[in-house]
Amino acid sequence: MRPSTLRLSASLLALTIVMAASVGASGTATAWPGGPAAGRDRPGTAWSAGWAAPVQRPSAGFEKNWAETGFAERTAQTLRQVVRVAGGGTAARIRLSNRYGTAPLRIAGATIARSAHGAAVHGASLRALTFGHRRSVEIGAGGETVSDAAPLRVAARQPVTVTLYFDRPTGPATFHAQAYARSFRADGDHRADRAGAAFTETTHSWYYLSDVEVTGGPRRPGAVVAFGDSITDGFGSTYDADHRWPDLLAGRLAAAGTPRPVLNSGIGGNLLLHDSAWYGDRAGARFRRDVLDKPGVRSVILLEGLNDIGFSEVELPTYKPNPQVSADEVIAGYRELIALAHTRGIKVIGGTILPFKGAEYHTPRSEAKRTAINEWIRTSDAFDAVVDFAEVMAAPSDPLRLNPAYDSGDFKHPNDAGYRRMAEAVDLATL
């Protein structure tokens, strides 16, 4: 098919849709809308956060992933990732991160579309993404890039699929380890595929993709960021179901007639006070990029500290050395984050640390720290508001233990019902 351009009136300053042919690995030509002109933003375009995930160093993780080997090691490859945007709009753009890359990363091409099922997309919505009006982009080691706008009408809490094509080896990949959602990989160039048949490999991590932003939607009162560790990340929730507590909080806000984006900035194993090769940069080091720099953020719910307490009690092969961390040091870490947020006029809601009796690092000393920290969260008035997760998640017969009805099975991470109870505990008026 010969490319054709629809000439629009200059007064519209609209996004041009170009039908561009692409020859895939099979040698057949496939076309999709959204050529180089599709990236032209209107002057003064206001972007809002639609979806975000904190990025981490490449590591083996808790299950198989592709971070350490990267992509296109032996042949060109296509990566397809499905995320659910929290806010709707008429155009979208993505941010890609090579923060932990040791060499420049080349993206040979990318597309975005509304998701269908699995790796399939709704074909009529498929758009080519451009970067500075070019289809390919190179991101320097330690850097990031943002795509141009692509015309894509998407509703709030609707899944979208971002597809990246690599025509040369990437090296180890900056990623988010625990996505609790499938990502898909195929050999060859399948960025324009509507069906998902070519994507025969899967993993439960996200790679390079750090943000999806939207514009053209209704005005919202501002985004909420859920900032924390594996309990915020969603460990123990059902895969591909969006049953993490931030997802369910977004559902509550929509049901209450006050819809607004809720961004998940949790990292499994994350710590307030120390960096980790597996568990991400310490909270203070990543707070700016994962909270403050997101567009339109008005409030943050902070739930961190369990790992600082627990890792003081056990020797983990993934985290050495394990320094003894006091309750006062954890509280100082909270004060640092509160001060950073308040400089931007962002409200901070403090979440009390959940019970974890029965877990591998529960000891009298770790319990004493949790008790002291939670008492400070409740009574210090340092936070703008408090959500008492500990109280609502405790077993009725033993307040030191997670309610069995909410326990995923390891005495510290909730199941789907537990995450729903956590979302219900948040007073929407405090946001």
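Note: the structure precedes this text.
A quick note: this is a predicted structure, and the numbers were derived from the prediction, not measured.

> What exactly am I supposed to notice about the nonpolar core here?
A general trend in soluble globular proteins is that nonpolar side chains are found buried together. If you look at the biggest cluster of nonpolar residues, it comprises 64 residues, and the most contacted ones within it are W245, L249, F287, I301, Y334, F389 and M422. With eight residues, the top contributor of residues to this core is helix α5 (residues 327-343). Excluding residues that lie within four positions of it along the chain, W245 makes contacts with A226, I231, T232, I301, L303, F389, Y419, M422 and A423. Judged by nonpolar contacts, the second largest core, of 38 residues, contains A72, L96, A173 and Y208.

> How should the pattern of salt bridges be read in this particular structure?
Tallied over the full model, the rule gives 29 salt bridges. In this structure, the salt-bridge partner of R95 is E144, at a minimum N-O distance of 3.6 Å. Of the two residues, R95 sits in strand β6 (residues 89-97) while E144 sits in strand β11 (residues 144-146), which places them 49 residues apart along the sequence. Overall, the relative accessible area of 22% leaves R95 in the partly exposed class. Between E313 and K369 there is a salt bridge; the shortest N-O distance is 3.9 Å. In this pair, E313 is assigned in the loop between α4 (306-310) and α5 and K369 in helix α6 (residues 364-379), connecting sequence segments 56 residues apart.

> Even after reading the chapter, I still don't get the environment of Y419, so can you show me in this structure?
Position of Y419 relative to the elements: it lies in helix α8 (residues 416-425). Between the C-alpha atom of Y419 and that of Y406, which follows or precedes it by 13 residues, the distance is 7.7 Å. Residue contacts for Y419: discarding those within four places in its chain leaves S230, I231, G234, F235, G236, S237, H243, R244, W245, L248 and P414.

> How should the sheet that holds strand β9 (residues 127-129) be read in this particular structure?
Two strands in a sheet stick together by hydrogen bonds in their backbones, pointing the same way (parallel) or opposite ways (antiparallel). Strand order in the open sheet formed by six strands is β9-β8-β13-β5-β15-β16, with antiparallel pairing between adjacent strands. What marks the edges here is a single partner per strand, and that holds for β9 and β16 (201-203). Neighbour-to-neighbour, the strand axes of this sheet turn through a mean angle of 25°, independent of strand direction. Of the pairings in the sheet, the one linking strand β8 (residues 109-114) to strand β13 (residues 159-166) comprises six bridges and is antiparallel in character. Opposite A110, over in β13, you have L164 as the bridge partner.

> What should I look at first to understand unusual backbone geometry in this one?
Only a minority of non-glycine residues have a phi that is not negative, and only a minority of peptide bonds are not trans. Positive phi values are uncommon outside glycine, yet H133 reaches one of about 70°. Relative to the elements of secondary structure, H133 occurs in the loop between β9 and β10 (137-139). Even without a glycine there, the phi angle at R157 is positive, about 65°. Its place among the elements puts R157 in the loop between β12 (150-154) and β13.

> How should the pairing of strand β22 (residues 347-351) be read in this particular structure?
For a regular strand, side chains alternate in direction, first toward one face of the sheet and then toward the other. Of all five residues in β22, four are buried; the element is thus mostly enclosed. Of the strand pairs in this sheet, strand β21 (residues 297-303) and β22 are connected by four bridges, and their pairing is parallel. Residue pairing in the sheet places S299 in a bridge with K347 of β22. Relative to strand β23 (residues 385-387), β22 runs parallel, the two being bridged by three bridges. In the sheet register, I349 faces β23, and the bridge partner there is A385.

> Which parts of the structure should I look at to understand the packing of aromatic side chains?
Both the distance between ring centres and the angle between the ring planes are used here to describe each pair of aromatic rings. Inspection of every chain in the model, using the stated rule, returns 18 aromatic pairs. Taking 5.7 Å as the distance between ring centres and 20° as the angle between the ring planes, the aromatic pair formed by W66 and Y207 counts as stacked. With W66 in the loop between β4 (48-52) and β5 (77-84) and Y207 in strand β17 (residues 206-207), this residue pair connects regions lying 141 residues apart in the sequence. In terms of burial, W66 and Y207 fall into one category: buried. Relative to F287, the ring of F227 lies with its centre 5.1 Å away and its plane at 80°, an arrangement referred to as edge-to-face. Placement of F227 in strand β19 (residues 223-228) and of F287 in helix α3 (residues 283-292) is noted, with a sequence separation of 60 residues between them. We classify F227 as buried; its relative accessible area is 0%. Every member of this aromatic cluster is reached through a ring pair, and the members are W66, F71, F166, F175, Y207 and Y208. Taking the ring centre of Y361 as reference, the NZ or CZ of K412 above it sits at 5.5 Å.

> What is the right way to read the pairing of β6 from this model?
Among the nine residues that make up β6, seven are buried, leaving the element largely enclosed by the rest of the structure. Where β6 and β12 come together, three bridges link them in antiparallel fashion. Bridge pairing in β12 links A92 to A150. As defined by bridge partners, β6 adjoins strand β18 (residues 209-215) across six bridges and the pair is classed as antiparallel. Across the sheet, L96 pairs through a bridge with L209, a residue of β18. Bridge count for β6 against β11 is three bridges, and the pairing is antiparallel. Directly across from R95, in β11, lies its bridge partner V146.

> Is there a simple way to explain the side chain of K294 in this structure?
In this fold, K294 is placed in the loop between α3 and β21. Here K294 falls in the buried class, since its relative accessible area comes to 11%. In this structure K294 touches A52, S210, D211, L263 and R289, once residues within four positions along its chain are discounted.

> It is not clear to me how the environment of F356 should be interpreted in this structure. Could you clarify?
Turning to its location among the elements, F356 is positioned in the loop between β22 and α6. A relative accessible area of 0% means that F356 is categorised as buried. A C-alpha to C-alpha distance of 9.5 Å links F356 and G310, two positions 46 residues apart in sequence. Sequence-distant contacts of F356, that is, excluding residues within four places in its chain, are made with L306, I309, Y361, H362, S366, R370, L400, F411 and K412.

Thresholds applied
- Residues numbered from 1 in each chain as written.
- Predicted model: local features only at pLDDT ≥ 70, side-chain atom pairs only at ≥ 80, totals over all residues.
- Heavy atoms only, no water.
- Core = buried A, V, L, I, M, F, W, Y, C linked by side-chain atoms within 4.5 Å.
- Buried < 20%, exposed > 50% of the residue type's maximum accessible area, 1.4 Å probe, protein only.
- Helix = DSSP H or I, 4+ residues; strand = E, 2+ residues; numbered from the N terminus.
- Contact = heavy atoms within 4.5 Å.
- Salt bridge = Lys/Arg side-chain N within 4 Å of Asp/Glu carboxyl O.
- Pairing = 2+ DSSP bridges.
- Axes fitted to C-alpha atoms, helices over the stretch in contact; angles between N-to-C directions.
- Phe/Tyr/Trp six-rings, centres within 6.5 Å; stacked < 30°, edge-to-face > 60°.
- Lys NZ or Arg CZ within 6 Å of the ring centre and 35° of its normal.

Honestly, it's all geometry; don't read function into it.
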